[in-house]
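An overview of the molecular structure
Chain by chain, the residues:
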Amino acid sequence: MKKSRFLSLLLTVSLVAGLVLPLSAQATGSKLVDEMQVAAKAAILVDADNHEVLFEQNAHDKNYPASMTKIMTCMLTLEAIDRGELSLTDVVTASSTFNHDLSNDGSTENIKPGEQLTVEQLLYCALLPSANEACNILAEKVAGSTDSFVDLMNARATELGCQDTHFANCHGLHRDDHYTTAYDLSLIVMAALENSTFRAIVRTPNYVVPATNLSPERTLHNTNGLISNWRYRGYLYRYAIGVKTGSTPEAGQCLASAAEKDGRTLVAVVMGAENVTQPDGSTDRQAFSESRRLLEWGFDTFSRQTILDPSSFSGEVPVTLSKDTNYVGVQPDGTLEATLPKDIDPSSFQQQTDLPDSVEAPVTKGQTLGSVTLTYDGENYGSLPLVAVADVQRSNLLYYIHRIKGFFGLLAVRIALATLLFFLAVLVLRRLLFGRSKRRYGRGGHGGGTSRYNGRRRRRR
């Protein structure tokens, strides 16, 4: 019984671990997915609610993130606030060295050394107009220096599961050793979106920074064409909730975006897109148009579906040591869901079971006896424990017979019995041999057996 309980615990732990692994593989075997292409070097679409990849195109190729870097910078600042190390209302004075690694042609809000802004205002400066200097000022506030802050960025990326990311600065200006992937960026975006303040900032079209000690009032405009049409028209997407643009000559046109529709949240990352001149002379900024197309396609093509529950599986396991039944039914414990293309039928999934050849009574209803794994076109979509659907009582008579058989089946016991039988055989053989020898000696020898008296009787006088 202890062994059975240990098996149940082991199966449960392994199955739970499998269910929380980050980002499953994208849906395969779907014509709708196979036909999708994005005009960019790399792209990914993720069901952010369930961390499932719906589409990927060169998603693990290393590319330059440009100002999408600022997502990590602002997320770390907000996490420091959550830890109580600073607050949104803290006033920060820009140091005299905050612009040491900035270029003259980078995006800026012209913050001056000695200028005072709140942490919240600096976050808006970094995420809406993409001010590079705001990132350096925040980095120095959080970690004491930009170099120390970059170390925090790389450590946090590793914690999130980013395996192909290395940050060299906190703003995204080009450096050869500053890179990431569409996949890794999707992990960073989903983590950032868990913070309500971040979500509020990145979906804001415009924000006013009151006059400071060194500058007049500023009006900040979001560079994300899905959110704001101040800079780029024709790309607004009413379901968009962020997130961040990025562009350098080396990175191309990039956008990390997110959208909410019908209770679902999707995250898209497009890297290395282009600005294409149309026949009418207008410009198609494909970072925006392809991101919106990818998000719309995701909502239209995929739906959340139940692929395994107790009603979609039935099985049995042989039971020993019971006089009431020879089998016990099993069923999945819980429900397995997946975000699937609408042209995939959940009933076409393959069910792979892992069950013992038999189980000993007693069996308790709900006891884990095995597991079932669902696959489709070679892709694993998860596993559930298989539990007993009823109690099965044990027969004490059968149990004791089983124990006796088991006892005598032990190797040590069998060796002891064989040794005992050997000595008994030796004793019996010895008795038989030496018993015959004594009888022979008694009949023909000088002593020992019966004898006759041959002397003459003495006569009386």
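Our structure's up above, just so we're on the same page.
Residues numbered from 1 in each chain as written. Predicted model: local features only at pLDDT ≥ 70, side-chain atom pairs only at ≥ 80, totals over all residues. Heavy atoms only, no water.

1. A closer look at the overall build of the protein
In terms of helices and strands, the protein carries eleven helices and 19 strands. A burial count over the protein gives 46% of its 461 residues as buried. Looking at the protein alone, contacts between residues at least 24 apart form 66% of all its contacts between residues at least 6 apart. For the protein, the computed accessible surface area is about 25000 Å², with 50% contributed by carbon and sulfur atoms. (Helix = DSSP H or I, 4+ residues; strand = E, 2+ residues; numbered from the N terminus. Buried < 20%, exposed > 50% of the residue type's maximum accessible area, 1.4 Å probe, protein only. Contact = heavy atoms within 4.5 Å. Areas by Shrake-Rupley, 256 points an atom, 1.4 Å probe, with all protein chains shown as cover.)

2. What about the pairing of strand β19 (residues 379-388)?
The buried fraction of β19 amounts to eight of the ten residues, a majority that puts the element mostly inside the structure. For strand β14 (residues 327-332) and β19, the ladder comprises three bridges, and the chain directions are antiparallel. Across the sheet, residue Q331 finds its bridge partner in β19, namely V387. Looking at chain direction, strand β18 (residues 368-376) and β19 are connected through seven bridges and run antiparallel. Bridge pairing in β19 links T368 to V387. Joining the antiparallel neighbours β18 and β19 is a turn of two residues, in which D377 adopts a positive phi near 55°. (Pairing = 2+ DSSP bridges.)

3. Quick word on the pattern of salt bridges
Using the criterion set out here, one finds eleven salt bridges in the structure. Of the charged contacts, one joins E52 and R304 as a salt bridge, the two residues approaching to 2.9 Å between their closest N and O atoms. Placement of the pair is E52 in strand β2 (residues 52-57) and R304 in strand β12 (residues 302-308), with a sequence separation of 252 residues. For R218, the salt bridge goes to E115, with nearest N and O atoms at 3.0 Å. One end of the pair, R218, is in strand β6 (residues 218-221); the other, E115, is in the loop between β3 (91-93) and β4 (116-118), with 103 residues separating them in the sequence. A cluster of three or more residues bridged by salt bridges with shared partners is formed by D47, E52, R304 and E337. (Salt bridge = Lys/Arg side-chain N within 4 Å of Asp/Glu carboxyl O.)

4. Points about the packing of helix α5 (residues 132-143) against helix α6 (residues 146-159)
In a pair of packed helices, the angle between the axes and the distance between the axes together describe the arrangement. For the pair α5 and α6, the least separation of the axes is 8 Å and the interaxial angle reads 85°. Relative to α6, the element α5 lies roughly perpendicular. Contact residues: α5 offers N136, A139, E140, V142 and A143, while α6 offers T146, S148, F149 and L152. For the contact of α5 with α6, a count of residues per class yields five nonpolar, three polar and one charged. (Axes fitted to C-alpha atoms, helices over the stretch in contact; angles between N-to-C directions. Parallel < 35°, antiparallel > 145°, perpendicular 65-115°, else oblique. Nonpolar A, V, L, I, M, F, W, Y, C, P; charged D, E, K, R; others polar.)

5. Description of helix α7 (residues 182-193)
The end-to-end C-alpha separation of α7 is 16 Å, in line with the 16 Å expected for twelve residues at 1.5 Å each. Of all the positions in α7, only A182, Y183, D184, L185, S186, L187, I188, V189, M190, A191, A192 and L193 are classed as buried. (Expected span 1.5 Å × (residues − 1).)

6. Regarding the environment of Q367
Tracing the backbone shows Q367 in the loop between β17 (359-360) and β18. Overall, the relative accessible area of 10% leaves Q367 in the buried class. Linking Q367 and P385, residues 18 residues apart in sequence, is a C-alpha distance of 9.4 Å.

7. What about the state of the cysteines?
Taken as a whole and assessed by the stated rule, the structure comprises zero disulfides. Free of any disulfide, C170 has its nearest cysteine sulfur in C135, 5.5 Å distant. According to the relative accessible area criterion, C170 is buried, its value standing at 1%. (Disulfide = S-S within 2.5 Å.)

8. Some points on the environment of L76
Mapping L76 onto the fold places it in helix α3 (residues 70-82). A relative accessible area of 8% places L76 in the buried class. Residues L76 and L138, spaced 62 residues apart in sequence, show a C-alpha to C-alpha distance of 9.6 Å. Leave out the neighbours within four places in its chain, and L76 touches F149, L152, M153 and R156.

9. Quick word on the nonpolar core
Counting 70 residues, the largest nonpolar core has I71, M72, I188 and F198 as the members making the most contacts within it. Sort the elements by how many residues they give to this core and α7 lands first, with ten residues. Excluding anything up to four places from it in sequence, I71 contacts I188, V189, A192, F198, V243, K244 and A256. By size, the runner-up hydrophobic cluster in this structure holds 27 residues, among which are M36, Y232, L294 and W297. (Core = buried A, V, L, I, M, F, W, Y, C linked by side-chain atoms within 4.5 Å.)

10. Some details on the pairing of β14
Alignment of strand β13 (residues 315-320) against β14, held across four bridges, turns out to be antiparallel. The partner of V317 across the bridge, within β14, is V328. In this antiparallel pair of consecutive strands, β13 and β14, the connection spans six residues, and L321 shows a positive phi of 70°.

11. Describing the sheet that holds β19
Taken in spatial order, the six strands of this open sheet run β16-β18-β19-β14-β13-β17, and their pairing is mixed. In this open sheet, the two strands that pair with only one neighbour each are β16 (350-354) and β17. Here β13 runs beside β17; their pairing, made up of two bridges, is parallel. Bridge pairing in β17 places V319 opposite V359.

12. Here we look at the sheet that holds strand β8 (residues 252-261)
One open sheet accounts for five strands, arranged β2-β1-β9-β8-β7; its pairing is antiparallel. Looking at which strands have only one partner, the edges of the open sheet turn out to be β2 and β7 (240-248). For this sheet, the mean inter-axis angle between neighbouring strands, taken without regard to orientation, is 10°. Sheet analysis places strand β1 (residues 42-47) next to strand β9 (residues 264-273), joined by six bridges and oriented antiparallel.

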